[in-house]
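# Descriptive structure summary
The chain contents come next:
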Amino acid sequence: MSSLPYSAIRSLFLDGPAGRLEALLNQGAETATHAALVCHPHPLYGGAFHNKVVFHTMKALNSFGFPVLRFNFRGVGMSVGTHDNGSGEVDDVRAALDWLAAEFRLPIVCAGFSFGAAIGLRAACPDARVDSVIGLGLPVLPTDDRSYDLSFLQTCNKPKLLVSGTRDEFGPRLRLEQLAQSLPEPKKLVLIEAADHFFEGRLKELRETIEKWVEETIPGAARR
């Protein structure tokens, strides 16, 4: 594949509900069919938009010519505010979706990793501007003082891709399979063999899984 003319990165700030949110936009093709948002893992445990899983997800989506927005939740990097235990962060995601919708006026693919999956998809599933969602390392088990209500997925009728590793301590295979089975179509669960929560050593497989699903699921999507 030749070098991409739209691969430039733009640094910007979004107007968030608690103040400005630091963001990066990987430019898309002029003929892009979709825009995309990728949400990072837990802010109190080192999560930020430079996370490796977030980066590889961005690369997978950008390979289709989609402009891809990543942002830091409140209190992370140069984003204003303090961590709000997931409540205010849902509003941060909504602000990012607002910006993407206003900027590109395209249907949106929303992806998130770990905390970013639980929080990002909560905002994205009921949003009519989002036409498909991707949850990576979805935390289905409580960890420390963190527990996520994923019941919103039961009414999410959009195409859903869930990807986790078979060694993910926050997402045991049986629990993920039970969750996936309970969700409305269309849906796909992919378990990457021997991968841990962070897909260490398996990021290539993660990226290829996302790319294959986009090709099969999203109308008009084609690798550039």
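Note: the structure precedes this text.
Everything quoted here is computed from the prediction, not taken from an experiment.

### Description of the overall build of the chain
Within the chain one finds 5 helices and 8 strands. Going from the N terminus to the C terminus, the chain shows its helices and strands as β-β-β-α-β-α-β-α-β-β-α-β-α. Relative to the globule expectation of 17 Å for 224 residues, the C-alpha radius of gyration of the chain, 16 Å, shows essentially globular dimensions. With the C-alpha coordinates of the chain rotated into their principal frame, the extents come out at 40 × 40 × 35 Å. Across the 224 residues that make up the chain, the buried fraction comes to 56%. Pairs at least 24 apart in sequence give 72% of the contacts found in the chain among residues at least 6 apart.

### Examining the environment of Phe64
For Phe64, the position within the fold is in the loop between helix 1 (52–62) and strand 4 (68–71). Remark: the alpha-carbon pair of Phe64 and Gly77, spanning 13 residues in sequence, is separated by 28 Å.

### A closer look at the pattern of salt bridges
Close approach of charged atoms lets side chains of opposite charge pair. Enumeration according to the criterion identifies 12 salt bridges in this entry. The shortest N-O distance in the salt bridge between Arg173 and Glu177 comes to 3.8 Å. Linking Arg173 with Glu177, this pair stays in helix 4 (residues 173–182), spanning 4 residues, or about one helical turn. Glu177 sits in the partly exposed class, given a relative accessible area of 34%.

### Focus: the sheet that holds strand 7 (residues 160–165)
Taken in spatial order, the 8 strands of this open sheet run 1-2-4-3-5-6-7-8, and their pairing is mixed. One side of each edge strand has no neighbouring strand; the edge strands of this open sheet are strand 1 (9–16) and strand 8 (187–192). Averaged over all neighbouring strand pairs, the angle between strand axes comes to 20 degrees, with direction disregarded. Both strand 5 (residues 108–113) and strand 6 (residues 130–136) contribute to a ladder of 6 bridges, which runs parallel. Of the residues in strand 6, the one forming a bridge with Ile108 is Val130.

### Observations concerning the state of the cysteines
Overall, the coordinates contain 1 disulfide when judged by the stated rule. Here Cys125 is linked by a disulfide to Cys156, with a sulfur-sulfur distance of 2.5 Å. The disulfide joining Cys125 to Cys156 has a torsion of about -80 degrees about its S-S bond and is therefore left-handed. Residue Cys125 is located in the loop between helix 3 (115–124) and strand 6, and its partner Cys156 is located in the loop between strand 6 and strand 7; the two are separated by 31 residues in the primary sequence.

### Concerning the packing of helix 2 (residues 87–104) against helix 3
One way to put it is that helix 2 packs onto helix 3 with a least axis distance of 8 Å and a crossing angle of 60 degrees. On the basis of the axis angle, helix 2 is oblique to helix 3. The element helix 2 and its partner helix 3 pack so that their crossing is right-handed. Within the contact between the two elements, helix 2 uses Glu89, Val90, Val93, Arg94 and Leu97 and helix 3 uses Phe115, Ile119, Gly120, Arg122, Ala123 and Ala124.

Parameters and conventions
Residues numbered from 1 in each chain as written. Predicted model: local features only at pLDDT ≥ 70, side-chain atom pairs only at ≥ 80, totals over all residues. Heavy atoms only, no water. Helix = DSSP H or I, 4+ residues; strand = E, 2+ residues; numbered from the N terminus. Rg over C-alpha atoms; globule rule 2.2 N^0.38 Å. Buried < 20%, exposed > 50% of the residue type's maximum accessible area, 1.4 Å probe, protein only. Contact = heavy atoms within 4.5 Å. Salt bridge = Lys/Arg side-chain N within 4 Å of Asp/Glu carboxyl O. Pairing = 2+ DSSP bridges. Axes fitted to C-alpha atoms, helices over the stretch in contact; angles between N-to-C directions. Disulfide = S-S within 2.5 Å. Parallel < 35°, antiparallel > 145°, perpendicular 65-115°, else oblique. Left-handed = near helix turned anticlockwise from the far one by under 90°.

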